Amino acid sequence: MKTAITELFGIQHPIIQGGMHYVGFAELAAAVSNAGGLGLITGLTQKTPELLAKEIARCRDMTDKPFGVNLTFLPSFTAPPYPEYIAAIKEGGVKAVETAGRSPEEYMPALKAAGIKVIHKCTSVRHSLKAEKIGCDAVSVDGFECGGHPGEDDIPNMILLPRAADELKIPFVASGGMADARSLVAALSMGAAGMNMGTRFVATKEAPVHDNVKQALVKATELDTALVMRALRNTERVLKNKGVSELIEIEREKGASLKIEDILDQVAGVYPKVMLEGDMDAGAWSCGMVVGLINDIPTVKELIDRIMDGAERIIRQRLTGFLDGVSAGSVPARAIA
């Protein structure tokens with residue numbers, strides 16, 4: 001399948017693995033890239049630029065396909081040494097960067113000078129247009145369904161994606177709620193040139209996380225996520241657990257006076273405890289509503305192959321069938337999920 005995204009990044013399938021803290025290591029990025037998608041190393045999981053350089057080299061040993069690095073821009077008072085991280089990305093020969101968090105505008109000259117294609121994660125049309133204006137090559141449009149930070153507008157992808165298609169000139173991918181062939185075809189029909197999957201890739205054999213995490217995703221339903229930190233205007237969608245329940249209770253008690261210091265125990269240092277140690281009640285960790293569509297733990301290749309095979313069947317049989325007068329019931333939607 002060729003789209004503007006496959007052409008931009010030189011990949012076979014229009015599927016990008018989102019950057020995820022303590023998940024986006026070389027093993028997963030290489031597996032996604034080897035299966036024809038665009039795998040991403042999560043840059044700031046690597047504590048120093050030197051460690052990122054080693055992780056890039058490790059990934060290079062596992063794949064000869066294109067892969068990228070996620071670089072999340074944090075507030076200035078906690079800013080990591082971004083120029084050094086970008087230098088490590090450049091020196092590692094990486095040609096794709098997914099930026100997230102704050103605007104990457106300050107660092108765009110360095111990224112573009114290195115010949116790096118930039119896709120920025122946005123939760124609104126206005127931010128997507130700003131990303132286009134500052135020179136991003138593409139955007140990842142995150143609907144309200146997404147795990148992590150969905151912004152403060154609460155616009156789901158059924159509205160957000162067509163709006164993005166109406167306004168943007170650069171290509172974009174759909175993020176949030178993406179899990180299977182149906183997700184990809186729906187995203188394409190609404191104007192996206194591909195999709196970004198985060199939570200779904202955690203429940204794969206190559207994801208370097210504790211098995212407790214994968215089993216929790218299989219067991220969970222679409223009702224098992226919660227929104228936290230709304231009072232801080234730093235809303236995050238997370239999987240419900242004991243730590244999250246404690247966090248929500250503190251939020252209820254503090255109301256508008258909530259400060260980040262009040263919930264540090266439930267949000268600080270959680271990812272190593274969950275992803276590496278398997279402590280599922282440690283606190284808040286990002287998880288999308290798409291968890292309701294996760295029913296197994298395939299290899300990355302099995303997952304991507306069935307998405308692409310299913311998408312082709314939906315397009316060629318189910319959708320064309322409507323035009324040809326063939327009953328849609330002849331191609332069950334669940335069979336191509």
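Anything mentioned here points back to the structure above.
Please read all numbers here as calculations on a predicted model, not as lab measurements.

Rules and cut-offs
Residues numbered from 1 in each chain as written. Predicted model: local features only at pLDDT ≥ 70, side-chain atom pairs only at ≥ 80, totals over all residues. Heavy atoms only, no water. Buried < 20%, exposed > 50% of the residue type's maximum accessible area, 1.4 Å probe, protein only. Helix = DSSP H or I, 4+ residues; strand = E, 2+ residues; numbered from the N terminus. Pairing = 2+ DSSP bridges. Phe/Tyr/Trp six-rings, centres within 6.5 Å; stacked < 30°, edge-to-face > 60°. Arc of directions from axis to C-beta. Contact = heavy atoms within 4.5 Å.

**Description of the pairing of strand β10 (residues 236-239)**
Alternating residues of β10 divide into Glu236 and Val238 and Arg237 and Leu239, and every residue in both groups is buried. Bridge analysis of strand β9 (residues 225-228) against β10 gives four bridges, and the strand direction is antiparallel. Considered in β10, the bridge of valine 228 is made with glutamate 236.

**Remarks on the packing of aromatic side chains**
Two numbers describe a pair of aromatic rings. These are the distance of the centres and the angle of the planes. In this structure the tally under the stated criterion is four aromatic pairs. With a centroid separation of 4.6 Å and 50 degrees between ring planes, the pair formed by phenylalanine 73 and tyrosine 82 is classed as tilted. Their ring planes at 10 degrees and their centres at 4.9 Å tell us that phenylalanine 73 and tyrosine 107 sit as a pair that is stacked. On the criterion of sequence distance, the pair formed by phenylalanine 73 in strand β3 (residues 67-73) and tyrosine 107 in the loop between β4 (96-101) and α5 (108-113) is long-range, its members being 34 residues apart. Considered together, phenylalanine 73 and tyrosine 107 belong to a single accessibility category, that of buried residues. One aromatic cluster is present, formed by Phe73, Tyr82 and Tyr107 through successive ring pairs.

**Topic: unusual backbone geometry**
What you tend to see is this: most non-glycine residues have negative phi, and most peptide bonds are trans. Positive phi outside glycine occurs at aspartate 154, with the angle close to 60 degrees. Backbone geometry places methionine 229, a non-glycine residue, at a positive phi of 65 degrees. In this structure, methionine 229 sits in the loop between β9 and β10.

**Section: helix α4 (residues 82-91)**
Taken together, the buried positions of α4 are occupied by Tyr82, Tyr85, Ile86, Ala88 and Ile89. An end-on view of α4 places all buried positions within 155 degrees of arc, on one side of the element. Exposed residues pointing more than 90 degrees away from the buried face of α4 are listed as Pro83, Lys90 and Glu91. Summarising the contacts, the buried residues of α4 are in contact with α3 (49-62), β3, β4 and α5. After α4 finishes, the residue glycine 93 shows a positive phi value of roughly 75 degrees.

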